[in-house]
Amino acid sequence: MSGIHEECGVFGIFAPDTADVAASAYFGLYALQHRGQESAGIAVCDRGVIAQHRDAGLVSEVFTQDTLHALGKGQMAVGHVRYSTTGGKSRNNIQPLVIRHVKGNLALVHNGNLTNAFDLRRSFELSGAIFHGTSDTEAIAYEIVRHRLQCGSTEEAVERAMPCLCGAYSCIVITAQKLIAFRDPNGFRPLCIGQTQDGAYVLASESCALDAVGAAFLRDVEPGEIVVVSSEGLRSVRTHCHQVKPSICIFEYIYFARPDSVIGGVSVHHARVCAGRLLAQSSPAEADIVIGVPDSGLDAAIGFAQESGIPFGIGFIKNKYIGRSFIQPEQSMRENAVRIKLNVIRETVAGKRVVMIDDSIVRGTTSAKIVRLLRDAGAKEVHVRISSPAFLHGCYFGTDIDSEEHLIANQYHSVAEIAEHIGADSLGYLPIESLGALIGQADGFCKGCFTGDYPVDVSGAGSKNKFDEKIHKPI
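Rules used in this analysis
Residues numbered from 1 in each chain as written. Predicted model: local features only at pLDDT ≥ 70, side-chain atom pairs only at ≥ 80, totals over all residues. Heavy atoms only, no water. Core = buried A, V, L, I, M, F, W, Y, C linked by side-chain atoms within 4.5 Å. Buried < 20%, exposed > 50% of the residue type's maximum accessible area, 1.4 Å probe, protein only. Helix = DSSP H or I, 4+ residues; strand = E, 2+ residues; numbered from the N terminus. Contact = heavy atoms within 4.5 Å. Salt bridge = Lys/Arg side-chain N within 4 Å of Asp/Glu carboxyl O. Pairing = 2+ DSSP bridges. Axes fitted to C-alpha atoms, helices over the stretch in contact; angles between N-to-C directions. Arc of directions from axis to C-beta. Polar contact = N/O pair within 3.5 Å; in protein donor to acceptor, adjacent residues only side chain to side chain. Phe/Tyr/Trp six-rings, centres within 6.5 Å; stacked < 30°, edge-to-face > 60°.

A closer look at the nonpolar core
One finds Tyr253 and Leu438 to be the most contacted residues of the largest nonpolar core, which totals 46 residues. Looking at this core, the elements with two or more residues in it are β14 (248-249), α8 (251-256), α9 (268-282), α10 (296-308), β20 (353-358), α16 (435-439), β23 (445-446) and α17 (448-451). Here this core gets seven residues from one element, more than from any other, and that element is α9. Apart from residues no more than four positions distant in its own chain, Leu438 is found in contact with Ile254, Val266, Ala271, Cys274, Ala275, Leu278 and Leu430.

Topic: the pattern of salt bridges
Applying the stated criterion across every chain, the model contains 18 salt bridges. The residue Arg146 makes a salt bridge to Glu143 at a minimum N-O spacing of 2.5 Å. Placement of the pair is Arg146 and Glu143 together in helix α5 (residues 137-148), with a separation of three residues, close to one helical turn. Overall, Arg146 belongs to the partly exposed group, its relative accessible area being 35%. Glu156 is the salt-bridge partner of Arg160, the closest N and O atoms lying 2.8 Å from each other. Of this pair, Arg160 and Glu156 both sit in helix α6 (residues 154-161), four residues apart, which is roughly one turn of that helix. Counted as one network, the salt bridges with shared partners bring together Arg35, Arg189, Glu206 and Glu252.

Some thoughts on the sheet that holds strand β5 (residues 97-101)
If you walk across this open sheet you meet the six strands as β5-β6-β7-β8-β12-β13, and the pairing is antiparallel. Both edges of this open sheet fall to β5 and β13 (233-238), since each of them pairs with a single strand only. Strand-to-strand twist in this sheet, taken as the mean axis angle between neighbours without regard to direction, amounts to 20°. As defined by bridge partners, strand β7 (residues 167-174) adjoins strand β8 (residues 179-183) across five bridges and the pair is classed as antiparallel. What sits directly across from Ile172, in β8, is Ala181.

With respect to α6
Within α6, the full set of buried residues consists of Thr154, Glu155, Ala157, Val158 and Ala161. Summarising the axial view, the buried residues of α6 lie within an arc of 155°, below the 170-degree limit, and thus occupy one face. Buried residues belonging to α6 abut α5, β8, β12 (225-230) and β13. Two to three positions downstream of the cap, the backbone nitrogen of Glu156 sits 3.2 Å from a side-chain oxygen, assigning the N-cap of α6 to Ser153.

Here we look at the packing of aromatic side chains
The description of an aromatic ring pair uses the distance of the two centres, along with the angle that the planes make with each other. All chains considered together, the criterion is met by 14 aromatic pairs. Ring geometry for Phe124 and Tyr142: centres 5.8 Å apart, planes at 85°, overall edge-to-face. Here Phe124, found in helix α4 (residues 117-126), pairs with Tyr142, found in helix α5; they are 18 residues apart in sequence, far enough to count as distant. On the accessibility criterion, Phe124 (10% relative accessible area) is buried. Aromatic side chains Tyr396 and Tyr454 sit 5.3 Å apart centroid to centroid with 80° between the ring planes, which places their arrangement in the edge-to-face category.

This is the structure in structure tokens:
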């Protein structure tokens, strides 16, 4: 509810025999829906022939029984749910991206964001390449194909391409006979491997998608690793990129991932409960009830309540049925958007001093509206606690965080001033030095959006919509 948008979710499956892999991809994407609500797509490979369906909207809006049936059965499938981080909402940017080249076909799905996408694209364009969309995923596909034309296998092409790709990428590719997954050397975005009882291998952004298709978790794809699945089984290619120090995005644990997922051996639910406990220690409050803003604030609220001894309560009901058809054509309707998405349980908060836990504050407008909802419901006091540090910088690795000048933490000199702006009686953030405790390690994660200290050079990253801006410039 804070204004941060998920990046993307990817899913892939390789079945030993011809199977209804489209249905498996559909269920996997349903489990990953929280990672992107703008669009969805599935590509199925049957003996080298790739069929796909993709469109704007939620998984339930894009796919019907007829569209899934039309995809047919096959040996492999990849799926994608998207929130645009580089490239706009054009249909040409919806994934999977299917490329047909002289040595065969491939379908690619990508979670993350390249920091050198502009330079890659410019190089390809100067060589005569034609781009159909404005996302950095297309540059990844072209880079792979460029090397594939000069080597003997797609996995070798991926290995050659990886040093040319800077930034965040957790990708899955299907070719005529193989499913290939690869992850950037820093491991910014998660990617895991599972296997079903009938021997199918499954790859997904989160382990909750493995659960959705009945696959047992095997392990994570390591940063810098290439995983190849074929009729011969699963094998790993350890690239020279593997030597880079891992930097998983810490916000995966705070907000992005589903609480029932396990990333890097750490339960997301446990990490959020830990954040709440640490908040109670660093920013205590005298109150009667602790509530969380659904969904990612709930686990942290439980932790805050456990540590503080203040009772936990359900303060909000979230409307689960708001899809892309939810429109706000007039200003008066925009003002009521939060009320449509969230409703306060008055019995929980009326006449009480309330601690409200949320995952973040971006501009502060949504937080101010939620605080107002609680006061309108009769809350005597509202003490806001945030289970992350204050956002001070942008993200270049697949998270849609607003530009620095719009971040509320950069507009006010103190936490007390921000509290006054959002109408709270007090405000507390999770201390930066507590982040490591969430995952049980002092470093090995990216916290650049809080500190401005990024694991890789971001000087050439440019703006989120840099390619859209280029297209609309006069010639």
